Amino acid sequence: MTYVELLTQPRLDDAYYHSANASRVYGWYLGDSQNYPPDREAARAAVAVAPWVQQSARINRAFQVQSYSWAWDTGVDQFLDLGCGWPHYPVLFDVLGREAPVVYVDHDPGVAAHLSTELDRGDATTVIRADIVPMGSFLTSAPMRAAIDLDRPVAVFLGDVLPWWPEDTVVRQAMSELRAWMPARSILAITHLTADFTPSTVAALAGTYAEHGLAVRPRSREEIAELFGDFAQQGPGLCATGQWHPDGPYARRPAEHSAAFAGIAVKPTDNRRSP
């Protein structure tokens, strides 16, 4: 496994342990033990106003696991997980039952430390600690050029990442740069929190997160659809996360349990990658 640091900030400082962290809160929903009192306080407060939030996290994780296999079955054999968060099992290697080039990226120093020690799956795995908000410069960095073959399609996953970027202009620019970078026939998978199903509850959830220092931006179906650009939606199209895979464990759950939209789209073959 290759590990790369693209950030110069201290890896772990005192503030890291004394403020809520979105990745650790999400991990708490999934039953992880890698969290601290501020994370648990934020998570429990969120559950109090939105009892489905833990279920939503599980649905999101199940979607991503199934999407790994879906992408592999289409012939894509290299993967990029942006904002991957704490390692949860099964990891991609376990899902596919074989080694494939995969790049895990996260800016969180705790996440990066665990990824670097728990995902030793051979030379095909790369862990990069980086900020992906300046998407263009990140994608053209030396570690990315070494890890991803742009002569072949790549499957890119953004699972519950974009809601934590509240600035719409920043998100649109980053996604535009990402889509331009991806080779033809590449796969883009996104899950994103929405208030479309339960507006008042999600508004309360966002307010609760804000009280704990976490900014979150739910987006509408139309806003999320724009993030895919002209990529061709697959399967049922943009829909509640639990309902995308018809054979998934949450396929019959109501949309409000997902509290998010999921989409998997393919870059057209006549869409040329920018230099």
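It should be noted that the structure appears before, not after, this text.
What you see is a predicted model; the values in this text were computed from it and never measured.

(A) Broad picture of the nonpolar core. Formed by 35 residues in total, the largest nonpolar core has its most connected members in Leu80, Leu82, Phe138, Leu178, Trp181 and Leu188. Residue assignment for this core shows that the elements contributing at least two residues are strand S2 (79-82), strand S3 (102-106), helix H7 (135-139), helix H8 (142-147), strand S5 (155-159), helix H9 (168-181), strand S6 (187-193) and strand S9 (260-266). Top contributing element to this core by residue count: H9, with 5 residues. Counting residues in each nonpolar core, the second largest holds 26 residues, with Phe63, Phe79, Ala155 and Ala189 among its members.

(B) Main features of H9. With 14 residues, H9 should reach 20 Å at 1.5 Å per residue; the first-to-last C-alpha distance of 20 Å fits that figure. Where H9 is concerned, the buried positions are Val171, Ala174, Met175, Leu178, Arg179 and Trp181. The buried residues of H9 occupy an angular sector of 160° when the element is viewed end-on, so they sit on one face. Those residues of H9 hidden inside the fold are in contact with S2, H7, H8, S5, S6 and helix H11 (221-226).

(C) How the structure looks around helix H4 (residues 53-73). If you check H4, its first and last C-alpha atoms are 31 Å apart, about what 21 residues at 1.5 Å a residue would give, namely 30 Å. Immediately downstream of H4, the backbone of Gly75 shows phi near 105°, a positive value.

(D) Region of interest: the packing of aromatic side chains. Inspection of every chain in the model, using the stated rule, returns 9 aromatic pairs. Ring geometry for Phe79 and Phe157: centres 6.3 Å apart, planes at 15°, overall stacked. Within this pair, whereas Phe79 is found in strand S2, its partner Phe157 is found in strand S5, the two being separated by 78 residues in sequence. Of the two residues examined, Phe79 and Phe157, each falls in the buried class. Between Trp164 and Tyr209, the aromatic rings sit 5.3 Å apart at their centres with planes inclined by 65°, giving edge-to-face as the arrangement. Taken together, the residues span a long stretch of sequence, with Trp164 in the loop between S5 and H9 and Tyr209 in helix H10 (residues 199-211) at a distance of 45 residues.

(E) Summary view of the environment of Phe231. Of note, Phe231 is situated in the loop between H11 and strand S7 (232-233). Residue classification places Phe231 among the buried residues on the basis of a relative accessible area of 6%. Separated by 52 residues in sequence, Phe231 and Arg179 place their C-alpha atoms 8.4 Å apart. In contact with Phe231, other than residues within four places in its own chain, are Arg179, Met182, Leu188, Ala265, Val266, Lys267 and Pro268.

(F) Main features of the pairing of S5. Here S5 lies mainly inside the structure; 4 of its 5 residues are buried. Summarising the sheet, S2 and S5 pair through 3 bridges and their orientation is parallel. Bridged to Phe79 within S5 is Ala155. In the sheet, S5 pairs with S6 via 5 bridges, with the strands oriented parallel. Bridge pairing in S6 places Ala155 opposite Ile187. Viewed along the sheet, the connection from S5 through H9 into S6 turns out right-handed.

(G) Just the pattern of salt bridges, in detail. Taken as a whole and judged by the stated rule, the model has 7 salt bridges. The closest approach of N and O atoms between Asp39 and Arg24, which form a salt bridge, is 2.5 Å. Of this pair, Asp39 sits in helix H3 (residues 37-49) while Arg24 sits in helix H2 (residues 22-29), and the two are 15 residues apart along the sequence. The class of Asp39 is buried, set by a relative accessible area of 0%. You can call Arg24 buried: its relative accessible area is 0%. Salt-bridge contacts for Arg217 lead to Glu223; the nearest nitrogen and oxygen are separated by 3.0 Å.

(H) Expanded view of the packing of H2 against H3. It is the contact of H2 with H3, at a shortest axis distance of 9 Å, that shows an interaxial angle of 60°. Taken as axis vectors, H2 and H3 run oblique relative to one another. Between H2 and H3 lies a crossing whose hand is right-handed. Taken together, the residues of H3 that come into contact with H2 (itself represented by Arg24, Val25, Trp28 and Tyr29) are Asp39, Arg40, Ala42, Ala43, Arg44, Ala46 and Val47. When the residues that make up the contact of H2 with H3 are grouped by side-chain class, the tally is 7 nonpolar, no polar and 4 charged.

Criteria and cut-off values
- Residues numbered from 1 in each chain as written.
- Predicted model: local features only at pLDDT ≥ 70, side-chain atom pairs only at ≥ 80, totals over all residues.
- Heavy atoms only, no water.
- Core = buried A, V, L, I, M, F, W, Y, C linked by side-chain atoms within 4.5 Å.
- Buried < 20%, exposed > 50% of the residue type's maximum accessible area, 1.4 Å probe, protein only.
- Helix = DSSP H or I, 4+ residues; strand = E, 2+ residues; numbered from the N terminus.
- Expected span 1.5 Å × (residues − 1).
- Arc of directions from axis to C-beta.
- Contact = heavy atoms within 4.5 Å.
- Phe/Tyr/Trp six-rings, centres within 6.5 Å; stacked < 30°, edge-to-face > 60°.
- Pairing = 2+ DSSP bridges.
- Right-handed = clockwise from strand over helix to strand, strands pointing away.
- Salt bridge = Lys/Arg side-chain N within 4 Å of Asp/Glu carboxyl O.
- Axes fitted to C-alpha atoms, helices over the stretch in contact; angles between N-to-C directions.
- Parallel < 35°, antiparallel > 145°, perpendicular 65-115°, else oblique.
- Left-handed = near helix turned anticlockwise from the far one by under 90°.
- Nonpolar A, V, L, I, M, F, W, Y, C, P; charged D, E, K, R; others polar.

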